[in-house]
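Each chain, written out:
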Amino acid sequence: MKKLLIETYGCQMNVADSEVVAAIMGVAGYEVCQTADEADAVFLNTCSVRDNAEQKIISRLEFYNSLKRKGRRLIVGVLGCMAERVKEELIEHHGVDLVAGPDSYLRLPDLIAQVEVGQKAIDVELSTTETYRDIVPQRICGPHIGGFVSIMRGCNNFCHYCIVPYTRGRERSRDVESILREVRDLRDRGFKEVTLLGQNVNSYKAPLNPPVRVDSETETEEKIQRSGGRTAYKTASPDIYKLLEVLAKKNRQYPTEAEKAMWELLKGNNLGVSFRRQHIIGDYIVDFVCLQKDLIIEIDGGYHAQKEQKIYDEERTASLRRMGFDVIRFSNEEVIADTKQVLKKIQTALQHSPITGGDGGGQVTFPQLLRLVARTVPEMRVRFTTSHPKDMSDETLRVIAEEPNVCRHIHLPVQSGSNDVLKRMNRKYTREWYLDRVAAIRRIVPDCGLSTDIFAGYCGETEEDHQMSLSLMRECQYDSAFMFKYSERPGTYASKHLKDDVPEEVKIRRLNELIALQNELSAESNRRCIGKEYDVLLEGVSKRSRDQLFGRTEQNKVVIVDRAGHHIGETIRVRITDSSSATLKGETSPQPSPREREKA
Ligand code: SF4
């Protein structure tokens, strides 16, 4: 196989996209490698948000061009936001062979084939529908502890300073099924944490999964798919499927006593959802299924006591669970003897299963998706970014408070503390609205970590506006912040209609004031952690010493601990003993780790 080096710049969306690109390029016969020395092709996945990000790419291109001048055969491609913004110029002035915008990655095998026969290739078409739903990303970035899953692409907000809506196109949400599939895949590969990504995750909205109707008596799979139905649960070969259909029909005609009793129970009690009986799921006929909640009920006959049958049942249950179903089993005797108890068990299972779509219509919103992901992978930590303050709902906050594996940390970019500036930025919220959202966070999720993005020197920013930013930072008591000085981006509304009128030295001074204040706030926030205990997911070896590991609390604070027999990927209980503005230091607590707590 040929070798491909992917260099990723910019935000986490780009990290996730590089993994999509790696999977697609596998099809084109390219295997990802780690160094330029072994590469046949290099892709730079780029960012256009700030000018210095683009300058970095230009100097990387100069480096690769110098290798080519020395006779090295190398295909150089530019992907991502800069490809979309700069387009042909990259080929004409910077020696690039291939240019692909964020919505063109499925065409990469074609594009690289063109380059391999000596042509230049470019595709920067934006799409209103592309979400790469069918690509399972190849996990190439970082240690396999935390993975990213894009839940949506693009942005409709058009903040006046921002290039993203022009480089990544209109907002579109991925369907629930494909997100859950990717999340489960991460879990199965041993990842401990998943971060749901989008430019504005809170505006996620996708139709509920179209009905799963492998209702074989009347319709074929193809027919269902043509009408937009979901048939993911049918995996059997056509011959086996035909056989299953015959059996399902027969079983429906001759139910056992226990099956009859269960059917009466499910129909006769107002459970708020509907069940089907003798339904084909994958290679199996299940006794009862609720497709709105992906819940299967199985009744074991007398022969289930046999060892072989037990093994088969266990495998069958595991396989159905891998397909995303919850499975509960009852014996014949249980169903006949104690229907009250059986009903109670079913009601509890229904309460704990989120609505996944199935037979229903309507929309899945971000808080619903977040809950669904959390419950699908209860053993993983779940994070999300980025949230737009205008869409941060109490419902989302309640999900964070209620679901134990959703991390209590919110990144809520404010950008400025002045209403005049916010208006000129087209941020669509006011200082008061933002502070109300922060108050809601403090009320509903009391121990939540809070971080932000804020920048100095936007068009028309006065000294008073700047002071408003400082006072808002004090009021919000951020744990951390990304701070920048404004740099105009060609193509944005601000570059065309607003004057970049704050002198450079004033921008720098104001930025330094933001940074100094945030250092104080971070130091104070970290000091408050001393003496407290946190669950820390260990992510890597500390830069300072190989005898120390670093990890993160739910609140996204970095903690250093002595290695002392611990390993990366483990979650341990840590008592904080010391702090700086950047990190916490801690020692293993005598309290049990989460795993031990679970065992207990
Ligand atoms: S919300 Fe605003 S800043 Fe964020 S990507 Fe969209 S336009 Fe850019």
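Just so you know, these numbers come straight off a predicted model, no measurement behind them.

Novice: So, the site of the ligand: which residues are in play, and what are the values?
Specialist: Neighbouring residues of the ligand: Cys155, Asn157, Phe158, Cys159, Tyr161, Cys162, Val164, Pro165, Gln199, His388 and Arg427. Here the shell around the ligand is built from residues that sort into seven nonpolar, three polar and one charged.

Novice: Could you give an account of the pattern of salt bridges, naming the residues involved and the relevant values?
Specialist: Evaluated as defined, the whole model comprises 47 salt bridges. As a salt-bridge pair, Arg510 and Glu463 come within 3.0 Å of each other at their nearest N and O atoms. Linking Arg510 in helix 20 (residues 504-527) with Glu463 in helix 18 (residues 463-476), this pair joins segments that are 47 residues apart in sequence. Under the relative-accessibility criterion, Arg510 is labelled buried at 5%. We classify Glu463 as partly exposed; its relative accessible area is 34%.

Novice: Explain the side chain of Gln415 to me, using residue names and the numbers behind them.
Specialist: Its place among the elements puts Gln415 in the loop between strand 18 (409-411) and helix 16 (419-425). Among the polar contacts listed, one links the side chain of Gln415 to the side chain of Tyr161, at a separation of 3.3 Å. If sequence neighbours within four positions are ignored, Gln415 has contacts with Tyr161, Met425, Arg427, Tyr429, Asp453, Ile454 and Phe455.

Novice: An account of the packing of helix 1 (residues 12-27) against helix 5 (residues 108-116) is requested, with residue identities and associated values reported.
Specialist: Where helix 1 contacts helix 5, the two axes come as close as 9 Å, and the packing angle between them is 60°. Between helix 1 and helix 5, the angle is such that the two are oblique. The handedness of the crossing between helix 1 and helix 5 is right-handed. For the pair formed by helix 1 and helix 5, the contact residues are Val21, Ile24 and Met25 on the first element and Leu108, Pro109 and Ile112 on the second. Among the residues making up the contact of helix 1 with helix 5, the classes are represented as six nonpolar, no polar and no charged.

Novice: Would you mind going over the nonpolar core in detail, with residue names and values included?
Specialist: Grouped together as the largest cluster of nonpolar side chains are 68 residues, with contacts concentrated most on Leu196, Tyr204, Val373 and Ile410. Every residue in contact with Leu196, bar those within four places of it in the chain, is listed here: Val149, Ile151, Val201, Phe366, Leu370, Val373, Val382, Arg383, Phe384 and Thr385.

Novice: Describe the side chain of Asp185, and please don't skip the residues or the numbers.
Specialist: Tracing the chain through its elements places Asp185 in helix 7 (residues 176-188). For Asp185, the side chain forms a polar contact with the side chain of Arg189, separated by 2.9 Å.

Novice: Now, about helix 20: what can you tell me, with residues and values included?
Specialist: Here helix 20 is 24 residues long and its end C-alpha atoms lie 34 Å apart, about the 34 Å a rise of 1.5 Å per residue gives. Buried within helix 20 we find Val506, Lys507, Arg510, Leu511, Leu514, Leu517, Gln518, Leu521, Ser522, Ala523, Ser525 and Asn526. Those residues of helix 20 that are buried are in contact with strand 19 (449-456), helix 18, strand 20 (480-485), strand 24 (571-579) and strand 25 (584-588).

Novice: Kindly report on the sheet that holds strand 3 (residues 41-46), identifying the contributing residues and their values.
Specialist: The strand order across the open sheet built from six strands is 2-1-3-4-5-6, with neighbouring strands paired in parallel fashion. In the strand order of this sheet, the two ends are held by strand 2 (30-32) and strand 6 (121-123), each with one partner. Put simply, the sheet's adjacent strands are angled 20° from each other on average, direction ignored. With five bridges connecting them, strand 1 (residues 2-8) and strand 3 associate as parallel partners. Among the inter-strand pairings, Leu4 is bridged to a residue of strand 3, identified as Ala41. Contacting strand 1, strand 2, strand 3 and strand 4 (75-80), helix 1 crosses the sheet at an angle of about 170° to strand 1. Set on the sheet, helix 2 (residues 51-69) makes contact with strand 1, strand 3 and strand 4; between it and strand 3 the angle comes to about 170°.

Novice: Explain unusual backbone geometry residue by residue, including any values.
Specialist: In this structure, the amide linkage connecting Thr385 to the following residue, Thr386, adopts the cis form with an omega of 5°. Summarising the element assignment, Thr386 is placed in the loop between strand 17 (381-385) and helix 15 (394-402). Positive phi, normally seen in glycine, also occurs at Gln415, with a value near 75°. Assessed through its relative accessible area of 8%, Gln415 is described here as buried.

Novice: Report on the sheet that holds strand 12 (residues 276-281), specifying residues and quantitative values.
Specialist: Pairing is mixed across the open sheet formed by four strands, whose spatial order is 12-13-14-15. Of all the strands in the sheet, the pair left with one neighbour each is strand 12 and strand 15 (326-331). Taken over all neighbouring pairs, the strand axes of this sheet differ in orientation by 45° on average, direction set aside.

Novice: Now, about the packing of aromatic side chains: what can you tell me, with residues and values included?
Specialist: Per the stated rule, a full pass over the model turns up eleven aromatic pairs. Where Tyr161 meets Phe455, the ring centres are 5.0 Å apart and the plane angle is 80°; that geometry is what we call edge-to-face. Residue Tyr161 is found in the loop between strand 8 (152-153) and helix 6 (164-168), and its partner Phe455 is found in strand 19; the two are separated by 294 residues along the sequence. There is no split in this pair, since Tyr161 and Phe455 are both buried. Taking the centre distance of 6.1 Å and the plane angle of 35° together, the rings of Tyr429 and Tyr434 count as tilted.

Novice: Outline the state of the cysteines, listing residues and values.
Specialist: One pass over the structure, following the stated rule, counts zero disulfides. Take Cys448: it sits in no disulfide, and the sulfur closest to it among the cysteines is that of Cys407, at 9.9 Å.

About the cut-offs
- Residues numbered from 1 in each chain as written.
- Predicted model: local features only at pLDDT ≥ 70, side-chain atom pairs only at ≥ 80, totals over all residues.
- Heavy atoms only, no water.
- Near = heavy atom within 4 Å.
- Nonpolar A, V, L, I, M, F, W, Y, C, P; charged D, E, K, R; others polar.
- Salt bridge = Lys/Arg side-chain N within 4 Å of Asp/Glu carboxyl O.
- Helix = DSSP H or I, 4+ residues; strand = E, 2+ residues; numbered from the N terminus.
- Buried < 20%, exposed > 50% of the residue type's maximum accessible area, 1.4 Å probe, protein only.
- Polar contact = N/O pair within 3.5 Å; in protein donor to acceptor, adjacent residues only side chain to side chain.
- Contact = heavy atoms within 4.5 Å.
- Axes fitted to C-alpha atoms, helices over the stretch in contact; angles between N-to-C directions.
- Parallel < 35°, antiparallel > 145°, perpendicular 65-115°, else oblique.
- Left-handed = near helix turned anticlockwise from the far one by under 90°.
- Core = buried A, V, L, I, M, F, W, Y, C linked by side-chain atoms within 4.5 Å.
- Expected span 1.5 Å × (residues − 1).
- Pairing = 2+ DSSP bridges.
- Phe/Tyr/Trp six-rings, centres within 6.5 Å; stacked < 30°, edge-to-face > 60°.
- Disulfide = S-S within 2.5 Å.

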